[in-house]
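# Structural description and commentary
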Amino acid sequence: MGDKTNKKNKKKSKDEEEMDFPRSWLVKSLAKTYKWQLLESAFFKLLQDLLGFVSPQLLKLMISFTQDMSIHTWMGYMYAILLMVVAFFQSVFLQQYFQRCFVIGMQVRTALTTAVYKKVQASTCYLGNIGETVNLISADAQRFSDVTNFIHLLWSCPLQIILAIFFLWLELGPAVLAGLGVMLLMIPINALLATKSRACALTMSSQIQGIREKELKVMHKFAYLSSVSLFIFSCAPALVSLATFAVFVSASNENNLDAEKAFTSISLFNILRFPLAMLPQLISALVQTTVSNKRLEKFLGGDELDSTTVRHDSNIECCQPFFNKNLCMCLCSSVSLDIKPGSLVAVVGAVGSGKSSLISALLGEMHNLKGYINIQGSLAYVPQQAWIQNATLKDNILFGSQLEEKRYQMVLNACALRADLELLPAGIDGGQKQRVSLARATYSSADIYLLDDPLSAVDPHVGKHLFDKVVGPHGLLKNKTRVLVTHGVNFLPYVDEIVVLTDGKVSEVGSYQSLQNSGGAFSEFLNTYAKEESSKAELDTVLSEEVLDTLSDSGDLEADSPPEDVVSLTVRRESILWRSQHGRYSFLESSSRCLVKFSVYMQYLRSVGWGYFISIFLAYFIQNVAFIGQNLWLSDWTNDSIKYFNTTYPPSVQDMRVGVFGGLGLAQGLLMFVGTLLMANGSISASRILHSRLLDNVLRVPMVFFDTTPSGRILNRFAKDIFTVDEAIPMSIRSWLLCFLGVIGTLFIICLATPLFVAVVIPLAVVYYFVQRFYLATSRQLRRLDSVSRSPIYSHFGETVTGLSVIRAYGHQERFLRHNEATINENLKSFYPWIVSNRWLAMRLEFLGNLVVFFAALFAVLSRESLESGMVGLSISYALNVTQTLNWLVRMNAELETNIVAVERVNEYTKIENEAPWITDTHPADSWPDSGKICFENFKLRYRPELDLVLRGITCDIGSMEKIGIVGRTGAGKSSLTNCLFRIIEAAEGCIFIDGVDIATLGLHDLRNRLTIIPQDPVLFSGTLRMNLDPFEKVSDEELWQVLELSHLKDFVTELHEGLYHEITEGGENLSVGQRQLLCLARALLRKSRILILDEATAAVDLETDDLIQSTIRKQFSHCTVLTIAHRLHTILDSSRVMVLDAGRIVEFDSPSALLQKQGHFCAMAKDAGISSVDSTAL
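Because the structure is a prediction, the values reported are computed rather than measured.

### Structural notes on the overall build of the protein
Looking only at helices and strands, the protein features 41 helices and 23 strands. Looking at the protein as a whole, 53% of its 1179 residues qualify as buried. Summed over all atoms, the accessible surface of the protein reaches about 51,900 Å², with 59% contributed by carbon and sulfur.

### Things to note about the pattern of salt bridges
According to the stated counting rule, one finds 13 salt bridges in the structure shown. For Lys464, the salt bridge identified is with Asp468, shortest N-O distance 2.3 Å. Linking Lys464 with Asp468, this pair stays in helix H16 (residues 460-471), spanning four residues, or about one helical turn. Judged by relative accessible area, Asp468 falls into the partly exposed class, the value being 30%. With a shortest N-O distance of 2.8 Å, Arg1137 and Glu962 are connected by a salt bridge. Taken together, the residues span a long stretch of sequence, with Arg1137 in strand E22 (residues 1137-1142) and Glu962 in the loop between strand E13 (951-958) and strand E14 (963-967) at a distance of 175 residues.

### Some points on the packing of helix H25 (residues 651-698) against helix H32 (residues 901-909)
Contact pair H25 / H32: the axes reach a minimum separation of 8 Å and the direction vectors enclose 35°. The handedness of the crossing between H25 and H32 is left-handed. Here Leu690, Leu694, Asn697 and Val698 of H25 come into contact with H32, specifically with Val903, Val906 and Tyr909.

### Focus on the sheet that holds strand E21 (residues 1121-1125)
The six strands lie next to each other as E17-E20-E21-E14-E22-E23, forming an open sheet whose pairing is mixed. Where the open sheet ends on each side, the last strands, each with one partner, are strand E17 (1011-1014) and strand E23 (1145-1150). Strand-to-strand twist in this sheet, taken as the mean axis angle between neighbours without regard to direction, amounts to 20°. Note: strand E20 (residues 1091-1095) against E21, five bridges, orientation parallel. Bridging across to E21, Leu1094 finds its partner in Thr1124. Against the sheet, helix H33 (residues 974-981) engages E14, E17, E20, E21 and E22, with an angle of about 145° to E21.

### Overview of the environment of Trp834
When you line up the elements, Trp834 lands in helix H30 (residues 813-862). For Trp834, a relative accessible area of 16% puts it in the buried group. For the pair Trp834 and Leu785, spaced 49 residues apart in sequence, the C-alpha separation works out to 9.8 Å.

### A word on unusual backbone geometry
A positive phi angle, close to 50°, is found at Phe399, a residue other than glycine. Along the chain, the position of Phe399 falls in the loop between helix H12 (393-398) and helix H13 (405-414). One non-glycine residue, Asp995, adopts positive backbone phi at about 50°. Structurally, the position occupied by Asp995 is in the loop between strand E15 (989-994) and strand E16 (997-998).

### Side note on the sheet that holds strand E8 (residues 448-452)
The strand order across the open sheet formed by six strands is E7-E8-E9-E4-E10-E11, and the pairing between neighbours is mixed. Each having just a single partner strand, strand E7 (379-382) and strand E11 (505-510) make up the two edges of the open sheet. Across the sheet, the axes of successive neighbouring strands diverge by a mean angle of 15°, strand direction being ignored. Pairing analysis gives five bridges linking E8 to strand E9 (residues 481-485), with the strands arranged parallel. Bridge pairing links Asp452 to Val485 in E9. Strands strand E4 (344-349), E7, E8, E9 and strand E10 (497-502) of the sheet are contacted by helix H11 (residues 355-362), whose axis makes an angle of about 135° with E4. Of the strands in this sheet, E4, E8 and E9 are in contact with H16, which crosses E9 at around 160°.

### A short note on the packing of aromatic side chains
Counted by the stated rule, this structure contains 28 aromatic pairs. Seen from their ring centres, Phe245 and Phe269 are 6.4 Å apart, and the 75° between their planes marks the pair as edge-to-face. On the criterion of sequence distance, the pair formed by Phe245 in helix H9 (residues 212-251) and Phe269 in helix H10 (residues 259-300) is long-range, its members being 24 residues apart. The residues Phe245 and Phe269 share a single accessibility class, namely buried. It is Arg440 that lies over the ring of Phe399; its NZ or CZ is 5.0 Å from the centre. Sitting above the plane of the Phe1149 ring, Arg1137 keeps its charged end 4.2 Å from the centroid.

### Looking at a nonpolar patch on the surface
A grouping of Trp610, Ile614, Phe617, Leu618, Phe621, Ile622 and Val625 is seen on the molecular surface, where their side chains present a nonpolar patch of about 620 Å² in accessible area. Topologically, Trp610 is positioned in helix H23 (residues 610-638).

### Digging into the pairing of E4
Taken across its six residues, E4 has six buried, putting it largely inside the fold. Along E4, one buried face is formed by Leu344, Ala346 and Val348 and the opposite face, lined by Val345, Val347 and Gly349, is buried too. With five bridges joining them, E4 and E10 adopt parallel strand pairing. Note on E10: the bridge partner recorded for Val347 is Val499.

### Describing the confidence of the model for the protein
Atom-level detail of predicted coordinates should not be read off regions where pLDDT is low. Predicted confidence across the protein gives a mean pLDDT of 76, with 81% of residues reaching 70 or more. Mean pLDDT per element in the protein: helix H20 (residues 545-553) is the minimum at 33, and helix H3 (residues 35-52) is the maximum at 92. Of the regions scoring below 50 in pLDDT, residues 196-209 engages in 14 contacts with residues more than four places distant in sequence or in other chains. This model gives residues 531-588 a pLDDT under 50, and the stretch forms 117 contacts once residues within four places in sequence are excluded.

### Digging into the environment of Glu962
Among the residues examined, Glu962 registers a relative accessible area of 15% and is labelled buried. Excluding residues within four positions of it along the chain, Glu962 makes contact with Asp957, Cys1120, Thr1121, Val1122, Ser1136 and Arg1137. A polar side-chain atom of Glu962 sits 2.8 Å from a polar atom in the side chain of Arg1137.

### Topic: the packing of H23 against helix H31 (residues 869-899)
Taken N-terminus to C-terminus, the directions of H23 and H31 make an angle of 145°; their axes are 8 Å apart at the nearest point. Helix-helix and strand crossings are classified by hand; for H23 and H31 the assignment is right-handed. Residues Phe627, Ile628, Asn631, Leu632, Ser635 and Thr638 of H23 form the contact with H31, whose own contacting residues are Gly870, Met871, Leu874 and Tyr878.

### So, H33
Of all eight residues that make up H33, six are buried, and the element is covered over most of its length. Considered for burial, the residues of H33 that qualify are Lys974, Ser976, Leu977, Thr978, Cys980 and Leu981. Positive phi shows up at Arg983, right after H33, with a value of about 55°.

### Some details on the nonpolar core
Core analysis: the biggest nonpolar cluster contains 184 residues, and Met62, Val116, Ile397, Leu450, Ile498 and Leu634 have the highest contact counts within it. Not counting residues within four places of it along the chain, the set of residues in contact with Ile498 comprises Ala346, Val348, Leu492, Glu508, Val509, Gly510, Ser511, Tyr512, Leu515 and Phe522. Core analysis: the second largest hydrophobic core is formed by 31 residues, Phe936, Val950, Leu951 and Leu981 among them.

### Things to note about the pairing of E14
The buried count for E14 comes to four of five residues, which makes it a mostly enclosed element. Note: E14 against E21, four bridges, orientation parallel. Bridge pairing in E21 places Ile964 opposite Leu1123. Pairing analysis gives four bridges linking E14 to E22, with the strands arranged parallel. By the bridge assignment, Val967 is partnered in E22 with Val1140.

### Remarks on the environment of Met892
Its place among the elements puts Met892 in helix H31. As for Met892 and Leu737, which are separated by 155 residues in sequence, their C-alpha atoms are 9.1 Å apart. Excluding residues within four positions of it along the chain, Met892 makes contact with Ser732, Ser735, Trp736 and Cys739.

Basis of the calculations
Residues numbered from 1 in each chain as written. Predicted model: local features only at pLDDT ≥ 70, side-chain atom pairs only at ≥ 80, totals over all residues. Heavy atoms only, no water. Helix = DSSP H or I, 4+ residues; strand = E, 2+ residues; numbered from the N terminus. Buried < 20%, exposed > 50% of the residue type's maximum accessible area, 1.4 Å probe, protein only. Areas by Shrake-Rupley, 256 points an atom, 1.4 Å probe, with all protein chains shown as cover. Salt bridge = Lys/Arg side-chain N within 4 Å of Asp/Glu carboxyl O. Axes fitted to C-alpha atoms, helices over the stretch in contact; angles between N-to-C directions. Left-handed = near helix turned anticlockwise from the far one by under 90°. Contact = heavy atoms within 4.5 Å. Pairing = 2+ DSSP bridges. Phe/Tyr/Trp six-rings, centres within 6.5 Å; stacked < 30°, edge-to-face > 60°. Lys NZ or Arg CZ within 6 Å of the ring centre and 35° of its normal. Patch = residues over 30% accessible without salt bridge, like charges linked within 9 Å, V, L, I, M, F, W, Y side chains within 5 Å. pLDDT = per-residue confidence, 0-100. Polar contact = N/O pair within 3.5 Å; in protein donor to acceptor, adjacent residues only side chain to side chain. Core = buried A, V, L, I, M, F, W, Y, C linked by side-chain atoms within 4.5 Å.

In structure tokens, the structure reads:
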């Protein structure tokens, strides 16, 4: 009952939230902005529509001319020329209309994209899912653009329907009402089917993260509905003409269906088909655009940050309270601070105490309920999670500032980035990103620096270097005002003032010494975490002679190297390791300029199945034969008016004529239905096969593939390419087949009527071939350029959303806006020529079509004496339709060629070399590993065959339930050692045994399923908190609450409104880093594995969270073998043994106390971190 109430309240609050924005202003604003262009395009559309009704009247005169031999021959030639001239002007006006509409659509998309971008810059910091925000410009703005292209059809379609009915009434009288009745009956049926199809499409999009088979079932249902809709649409013209002609001839014996009436009516019915087909589609598109309009109005009308929150008067003051609306909790309350110019202030506190919120408040990123902030001078900001632009290292550091070489070099040295310039890989790790982020702030020469824990992502000795050279009392920023959020206790003695936050409030403020002596919360904090004695002298001499001697012995440094080179060495090794592991990113996808290979088409047809494809072709071919047969029958029927002239028309002949005409019409619809149904089944079969191959292979490729391939590129295969295979390719193939058969049918009829036309067909076909080949090559490249130039728009947009607080902190909104406009302009340079190329093609193809009309009419005049009037009507009415069909055939050819590339791209990823088998014949026992013993025997590892060894002969035994700490400088092989346990990388030589079983003999599924890892970066997914803990729903709620209590999250989750069903946003952004890490711990507790690996799992959390995690691991995993890669050495001081790695070898392996007594690698690292004994717990 409570759940239902919660859901109702949630729905109610959601509805209230949705109502709370301005409405119905966007469309009006756009209409007002582009009204003159819209009126101009409307004028051309009106002229084209009116000219469309001139051709049937000229056809009527032409048929009359062939029947009445008394009419002069020159009149026939005039009619033929007029038919061509009218068609020509119709083409000109239509293309002028399209040109203007497409340009308006382009302008509307550009305007909306820019408006959304400007709004993003002014919006509150939390914008929800980045994908949803990018969707506003990628989908919603595009939808407005698409609708703008056809908006005039709202008045044009009704106008064409009214004019067609008027002219039909003149031809057939009241009989036209029968046809009109059938049409009106079809509209609600089609609308109902369209609505159901729309619902299916929405269901489909909601199933993206569900099981593929469910998605295919929905596609099946959608395809069946489409088939029924197409059946009705195919039957409609035949039924309408049947009803009209049957009523006409039955109404009176005097009503003779002659060629004039029949083919003028058929031409008018053909005109009527377009508005009747387009209206439901237009309504459907408008419904979708209404949804987009609502989203855009909601976003553009949303709240903006109050620019008056931060004042620029004299001192910094932050008065209570600040309230973040989106997180719905008071994050920063009762805060009063006075920070003096040039001072270094440290902010410390537990997870969720409001440290980052305080920084956000100082930046003006929070909602101010009361109080104010005064800031004098410019700001620079380093966020907790470094934000790096997709640009060069230099551009990231300069960040729009002018280059001053001396200052730039000084910043590079201070931020330990010099070595990265030599060996920087295309992708950089967390530590490098944070150093670049700090370098950007340092170079900006601002007055005030807000540093949100920038030192946690780097190794301790690199962190000390950055503190000494940049942030600290002797660093580059020594005379600047600095607010430093930190978890590093060893930095606190060197700050001017420490602010202690507890539950969003300042609990203590003072110097390190005064707070230590006060006996308050901070004093207890220090007693727990700090070493017994912390003096400035000891920290100043951390890099002692012993450290240098140890490093010199290992060959890493020369004896006379200065201390700073330890840092250079570390970052250089970081870069070398990263490059050796992952190679370089290939940011540009391979893009073929040549034609798609024929083998790709064959591969898709094989996936469809040859049986299906031949059946589909036969169904559509016979349907086209039935269509031609029906029109030939009508032509013969009209000759009855001459045969039975001045005599009674026999009822049996009339019934036969009507029956066969109707039967052939029904046959067309049924064959279209069968063909479409077969196409649906065949295409779904192809989709299933191609998707299964892709998924099976990608899940089994080595991890190095994911490291060297951008995730967007992989997702693009599953999203865009599979969508193309699912929907676009089947539609393209069907449309191409129908167009092709339609053109062949038209040429056959004209040649049948006037055999002379064969002489014209060949030169017209040659011209047509060269025009379409030229267009296809150009269009293909323009579409490619459009696609390539569109990506930077979305990339820059997403980049802006993620780095919004940084951009605003530096005051660079205008510069980013200009860059956004530049990327849009770059895209328009390829999009506008594509619009023009389409007009170029249309004019030439329609001129060819007009020539077909002219020659059909001309040869009819020349063959006047031998030709029946019915064949003349049939020939010219077919010719009038060929223009549109020719145009569509080239478009479909281009579209099919573009879409079939998706099959090629999917196929590319099905051929990537796989990892070892997922399951092998060797299955371990269900209880394996029951003791957790691990044995390495001369284990060697390299990332790729051509690279050097990363691990060089590791030999060791790890006993059951041992707690092993693994330490070493960056690049020593720590992560490689844990990777090889999961066989992320296969051994170059040697073996690993777990409980006596050689892991190389096991399937990867059996191996990885029995081990547990808590990674450095906590991985959370969009969805409920419960789904993140137990994605397969294998455990009860009671067990979940138990592990939440053990991972110190029970109180937090209890306070959440939805509890276990609290929605986690993308990447867990609505939780703090510490809370995310604790959730990963809870997930590990649920797995109950005998072997646990911690890969620097506490590197990014504060000391209190670190302590919580360590105490839980000690208690709950006491029966397990635990391997801990340590970032903070104090976390492994209670280990059974510590393994020290250097250059891929074990150099020390003993208990921590024994290693501290031995003057070796571990001792040097311990002194580096300020640890003098096993009891020390300071960083």
